[in-house]
Amino acid sequence: MLSLFLPNIEIKEYLYELIHGLRYEINHDNELARFLLEKAIKYPVTIGHSFYWILKSQMYEQNFQQRYGLYLEIFLNKIGPNLTKIFFDEDILLAKLDEICVGQKDKKMNKKDKANNFKTLINGFNTNLIEQYHEISLPLDFKYRIERINLEDCKIQIKDNKMELILNFKNVDPLGDNILVNYYNDKDIRMNLIIMQLFNIIHTIWCANNFKIKMPLYKVMTTSFRKGLIQLIPNTQTLEEMPIKETSGFKNLFGKKSLNKYLLLNSGISAEEVYENFINTNVAYSVANFVVGVTQRTKKNIHFKKNGEIYYTSYDHILNHYSKALGDRGVPFIYNTTFIDFLKKNNKVKEFVECFLTAFLTLRRNSNDLIQLMELLLSSGIPEISRKSLIYMEDSFSLNKSEKEAEEIMNKKLQEYDEQVAKGLGIEIDPNDTEADTTPIEEGQEPVAKTEYPRLQGAFMVRDVKTGAVRVLVGGRGFDESKFNRATQAKRQPGSSFKPYVWMAALQKGYTPATLVKDLPTMFYYDGRNWHTFDENADL
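Computed from a predicted model, the values in this text were never measured in an experiment. Every chain's residues receive numbers from 1 upward, in the order its sequence appears when written. With the structure being a predicted model, the display of local features is reserved for residues of pLDDT at least 70 and the display and counting of side-chain atom pairs for 80 or more, all residues being used for whole-chain, interface and lining totals. Hydrogens and waters are ignored; side-chain quantities use all the structure's heavy atoms.

Caption draft 1: Quick look at the overall build of the chain. A run of DSSP states H or I qualifies as a helix once it reaches four residues; a run of E qualifies as a strand once it reaches two. Both are numbered from the N-terminal end. Looking only at helices and strands, the chain features 18 helices and 14 strands. Out of the 540 residues in the chain, the part that is buried amounts to 45%. Contacts are assigned to residue pairs that have any heavy atoms within 4.5 Å of one another. Put simply, 70% of the contacts in the chain that link residues at least 6 apart link residues at least 24 apart. About 29,600 Å² of surface is accessible on the chain, with carbon and sulfur atoms providing 52% of the total. Think of it in three bands: with a 1.4 Å probe and only protein chains considered, a residue is buried below 20% of the maximum accessible area for its type, exposed above 50%, and partly exposed in between. Accessible surface is estimated by sampling points in the Shrake-Rupley manner with a 1.4 Å probe; for residues, cover comes only from the protein chains shown.

Have a look at this one:
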């Protein structure tokens, strides 16, 4: 049945969530597993490749090792030895990269010894690869086939004992660009994977609604526990690396070290094309980052292409979570003084704002797709994804307001942010550690106010379906907190007696026990107006 409604392109877009849903099935043999295995075996390159690595990256979870291992065994047995060898070769490539990382963690070696050791390990990797494999594909994408590592363009970074390899792979295709990749040996990059998936869907929504906008995207793949690969787009520079001055003023905007001069001299295209690329990509990432609650950027994470396009990297905190190193300095948008002045001096502010509001409102009309997708990941174990956090996404769309009111709210936020940036807030702040949530707030700063939510209570009972024996009976969070036993003392509400009929109707319509239904006020855009699942005028 699922194959009738989901084309391959959507299966690949939602593959992470579909595989995540396998853990909720009662039996190993279930309809979802059969559907995914059928698609992965039939399309081993387009679907099977990602299927293999997503499953393999979650094998560290003991509760699901047997189930995921069984699915991997079925998949590899069915695709045949030639295709199986491709996955085994990729496993060997990752093992070699791990050897390089381990060799660099030796604290007894000085910098010079580590540099020599790094060269030796890379040369050994190349020799082994050329002699035994000639070429090999990357877990990022089966189409990314490499023949060696370009040593001169590689480097290694170690921070808090966490390893990051910045690698430049020689592309097998002589006409293709080299493949640039970050390999992380001890960092959870699941958030980056989910963000790129969300951004892919956001871009698809814009295109489906005839809103043409550019959004450079890159690939991310987790390969094991706290390990994975992130693609880097070639021929780009970070804002930190660009030879420009970021202070305001006419001279710095149009002088030799201005952003305007740099982009026009290096782009090789007309000024209008540069402006269009800059506005399009800046709007796309600013709106997308605002919606998913990315409130912090540094100059190291903003990348420029020569044609004026921008993209952002390193999504460690989302849904309004951010490092305490910044105190209360999280900002709603992620462009800085240089960007705003660039738009003003080229008379592009109005065009930017109009494009921004159109992008936001188009996304708002399809907000349920994004919210429901995030709800599927509530049990993923990623700290940023929780019920409280999802309220942020609901609020970012102003779903309890009309479309006109939401547009006015967003316009006001843009104006307020312009004033904030002028005071020196925004991405100019570059904390020493964007990952350390325990970093103390600077002296004199006010701590961030946290919203308090009531602790919900409930009852829970587990029965043996064969004998009727009660195996578990829970009456609340704890006896010390509440003496009222909700399992034995609470009176059943009359409406609950009707629930079995509702559940039966849902099961007949294709819902499963793993189906998540949103329990928050919702707005639907239809027939030129907003429809709410609650009374706007009611006294809630």
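Caption draft 2: Quick peek at helix α9 (residues 190–208). One less than the residue count of a helix, multiplied by 1.5 Å, gives the span that helix is expected to have. With 19 residues, α9 extends 27 Å from end C-alpha to end C-alpha; this agrees with the ideal 27 Å at 1.5 Å per step. Burial analysis of α9 places 14 of its 19 residues in the buried class, the great majority of the element. Following α9 by one or two positions, Asn 210 has its phi on the positive side, about 60 degrees.

Caption draft 3: Main features of the packing of helix α5 (residues 44–57) against helix α6 (residues 65–79). Working convention: axes come from line fits to C-alpha atoms, limited for helices to the stretch in contact. Angles between N-to-C directions cover 0 to 180 degrees. Running from N to C, α5 and α6 cross one another at 150 degrees; their axes reach a closest spacing of 10 Å. Compared by their axis directions, α5 and α6 come out roughly antiparallel. Crossing hand, α5 versus α6: left-handed. Between α5, through Pro 44, Gly 48, Phe 51, Tyr 52, Leu 55 and Lys 56, and α6, the contact on the second element is made entirely by Tyr 68, Tyr 71, Leu 72, Phe 75, Leu 76 and Ile 79. Within the contact of α5 with α6, the residues separate by chemical class into 10 nonpolar, 1 polar and 1 charged. Under this scheme an angle from 65 to 115 degrees is roughly perpendicular, one under 35 degrees roughly parallel, and one over 145 degrees roughly antiparallel; angles in between are oblique. Less than a right angle of anticlockwise turn of the near helix away from the far helix marks a crossing as left-handed, whereas a clockwise turn marks it as right-handed. Amino acids outside the nonpolar list (Ala, Val, Leu, Ile, Met, Phe, Trp, Tyr, Cys, Pro) and the charged list (Asp, Glu, Lys, Arg) are all regarded as polar, and Gly is one of them.

Caption draft 4: Representation of the sheet that holds strand β9 (residues 302–305) within the structure. Paired strands are those between which DSSP finds at least two bridges. Across the sheet, 3 strands lie side by side as β8-β9-β10; this open sheet has antiparallel pairing. Looking at the sheet topology across the chains shown, the edges are occupied by β8 (236–238) and β10 (310–312). For this sheet, the mean inter-axis angle between neighbouring strands, taken without regard to orientation, is 30 degrees. As paired elements, β8 and β9 share 3 bridges and run antiparallel to each other.

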